[in-house]
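Chain and residue survey
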Amino acid sequence: MPRCLPPLAFALVLSFSALAHADWPQFRGPTGQGVVAAGDAPTRWDSEDSVIWKATIPGKGWSSPVVWADQVWLTTAIQTEAPAEETSRRTQGIAKAAKLDMQLAANLSLRAVCVDRTTGELLKDIELFSTDSADSIHALNSYASPTPVIEAGRLYCHFGTYGNACVDTATGEVLWRRVLPLKHYVGPGSSPVVHGDLMILTCDGADQQYVTALDKRTGETVWKTDRPPIRQKNPDFRKSYCTPIVVEDAGAAQVLVTGAQWFVAYDAATGEALWRVDHGPGFSVVPRPVNDGSAVYFSTGYASQEMQAVRLGGSGDVTDSHVLWRSRRQTPTQASPQLVGDRLYTVSDNGVGACLDTKTGKPLWQARLGGTYSASPLLSGELVYFFSREGKTTVVRNAASGPQIERTNEIGEAIMATPAVVGGVMYLRAAGSLYAIANGRT
């Protein structure tokens, strides 16, 4: 049940409800690049007046909230943990060090949850898939980590190997389901992208690697394209979890996505591979790329741990001609980069924030923010927000001279999901709760 707070907060809700058509439809917002277009994200929530409502979300999931009109949707997993001996047996083949951090559900119910944007009331809780033979996941992951996509009347959910589904957001009816089996090794991670009538999915498993587009109206396959050949033969080093971005280049929409070894651009309509960059031995790529219209910036994941900048365009293998720079400065393997004009902000897994010059890749500054990080940053006006797993948000002013920290805020619960911001309200998913937050009076 939601926890409703002081009259001031309720008045804020009423004023924000008039902005219902300012939406947050996907992972990292309308552009997929973490930008709060209105620049009105709250900067402080250190008093109860800041929390409009707090809703308890059943189960566990690290998918981000998505917002459309008066609804906030999330995905979640209801599960019971399997015995330790079963977990050990089911994680054979995974590197010994990684096995120590694995978890396994004995049974699993994967669900879509809808919360009223104004009150925090739980409106819908819909089971989409269930299984009693789940694969293991990494302890930092969840069975409901991919963020859904929402548009008028429809919610598109992706749970990796466990299935894809389309939900009628008015009635809660499941319009179609489609299962594409895949061996993730450590659980699902990449979020879907909707472009026109297509639901585009990254399917970079340990057993097979491809990108595909489903008809969002039916779930049927429109195109499927295998990834380029990967040098690594060990399945553990062939997997990846990157969410694509769609850009317009040379008059056509292109799907850009990082996988093990390769960064590839695909024709959005046909799936044809247009150009590719061999980024090295990196794998298990999680951060979503960002682009400024002329170049794309991406992390290469584990093993190499670089940020790279690549000029858009070309044909075939453009590794030798289009790579603009590479940087190994505290490269994140989980949080996406944040682009702000000619500056690129990153935060490493262990809490070192950095600001890079997008033209050269040279660091303008780096500083320890404290904590550990999985959620991606957000940009609101001239402020960049970093969200730690320990529940602290650090708000940094966009500046080349150094980390000008505007404010820090504590929520008291772990943060692994990237928040949504609509109409001056931040919808922040923490370990067991969804918060609606606005600026407090103090």
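Residues numbered from 1 in each chain as written. Predicted model: local features only at pLDDT ≥ 70, side-chain atom pairs only at ≥ 80, totals over all residues. Heavy atoms only, no water.

1. Quick word on the pairing of strand S11 (residues 154–158)
Walk down a regular strand and you will see the side chains alternate between the two sheet faces. Using the following cut-off: Three exposure classes are used, based on accessible area relative to the maximum for each residue type with a 1.4 Å probe and protein chains only: buried under 20%, partly exposed in between, and exposed over 50%. In this description a helix means any DSSP run of H or I spanning at least four residues, a strand means any run of E spanning at least two, and both kinds are numbered starting from the N terminus. Pairing between strands is defined by DSSP: at least two bridges between them are needed.
For S11, a buried count of four out of five residues is recorded, marking the element as mostly surrounded by other parts of the structure. Inspection of the sheet shows strand S10 (residues 149–151) paired to S11 by three bridges, in the antiparallel sense. Bridged to Glu151 within S11 is Arg154. Taken together, S10 and the strand that follows it, S11, pair antiparallel across an intervening segment of two residues, in which Gly153 is found at a positive phi of about 85°.

2. Looking at the layout of surface pockets
Using the following cut-off: With a 1 Å grid laid over protein atoms only, a set of points is called a cavity when a 1.4 Å probe fits there but cannot get out and a pocket when it is open yet has protein on both sides within 12 Å along at least five of seven lines; lining residues have an atom within 4 Å of a point. Grid points are joined across faces, edges and corners, and a volume is the space filled by probe spheres set on the points. Three categories are distinguished: nonpolar for Ala, Val, Leu, Ile, Met, Phe, Trp, Tyr, Cys and Pro, charged for Asp, Glu, Lys and Arg, and polar for the others, with Gly belonging to the last.
If you add up the space inside the largest pocket, you get close to 870 Å³. What lines the largest pocket is a set of 40 residues, and nearest its centre among them are Asn141, Val186, Val286, Tyr302 and Gln334. For the lining of the largest pocket, the class distribution of residues is 19 nonpolar, 17 polar and four charged.

3. Topic: the environment of Pro192
Test applied: By definition in these notes, contact holds between two residues if any of their heavy atoms fall within 4.5 Å.
The residue Pro192 is located in the loop between strand S13 (174–178) and strand S14 (193–195) in this model. A sequence separation of 44 residues divides Pro192 from Asp236, and the C-alpha atoms of the two residues are 22 Å apart. Those residues within four positions of Pro192 in sequence are excluded, and the remaining contacts are Thr147, Val149, Tyr156, His158, Met199, Ile200 and Leu201.

4. A closer look at the sheet that holds strand S28 (residues 343–347)
Counted only if it meets this: The axes are straight lines fitted to the C-alpha atoms, using for helices just the contacting stretch, and the angles between their N-to-C directions are given from 0 to 180°.
The sheet built from four strands is open, its strands ordered S27-S28-S29-S30 with antiparallel pairing. Only two strands of the sheet have a single neighbouring strand rather than two, namely strand S27 (338–340) and strand S30 (363–368). Recorded for the sheet is a direction-independent mean angle of 15° between the axes of neighbouring strands. Pairing geometry for S28 and strand S29 (residues 352–357), over five bridges, is antiparallel. Bridge pairing links Leu344 to Leu356 in S29.

5. Examining the packing of aromatic side chains
Condition: Aromatic pairing here means that ring centres of Phe, Tyr or Trp (its six-membered ring) are within 6.5 Å. Orientation follows from the plane angle: under 30 degrees is stacked, over 60 is edge-to-face, and everything else is tilted.
Evaluated as defined, the whole model comprises 10 aromatic pairs. Here the aromatic rings of Phe129 and Phe159 are separated by 6.1 Å at their centres, their planes lie at 75°, and the arrangement is edge-to-face. Here Phe129, found in strand S8 (residues 122–131), pairs with Phe159, found in the loop between S11 and strand S12 (164–168); they are 30 residues apart in sequence, far enough to count as distant. Since its relative accessible area comes to 11%, Phe129 is described here as buried. You can call Phe159 buried: its relative accessible area is 0%. Here the aromatic cluster, defined as three or more aromatic residues joined through ring pairs, consists of Phe237, Phe283 and Tyr302.

6. Considering the pattern of salt bridges
Quick reminder of the rule: By salt bridge we mean one thing: a side-chain nitrogen of Lys or Arg within 4 Å of a carboxyl oxygen of Asp or Glu.
Scanning the entire structure with this criterion turns up 14 salt bridges. The partner of Arg328 in a salt bridge is Glu306, with the nearest N and O atoms 3.4 Å apart. One end of the pair, Arg328, is in the loop between strand S26 (323–327) and S27; the other, Glu306, is in the loop between strand S23 (295–299) and strand S24 (307–311), with 22 residues separating them in the sequence. Accessibility expressed as a relative area gives 56% for Arg328, which makes it exposed. Note on Glu306: relative accessible area 9%, which makes it buried. Through salt bridges with shared partners, one network takes in Arg111, Asp125 and Glu127.

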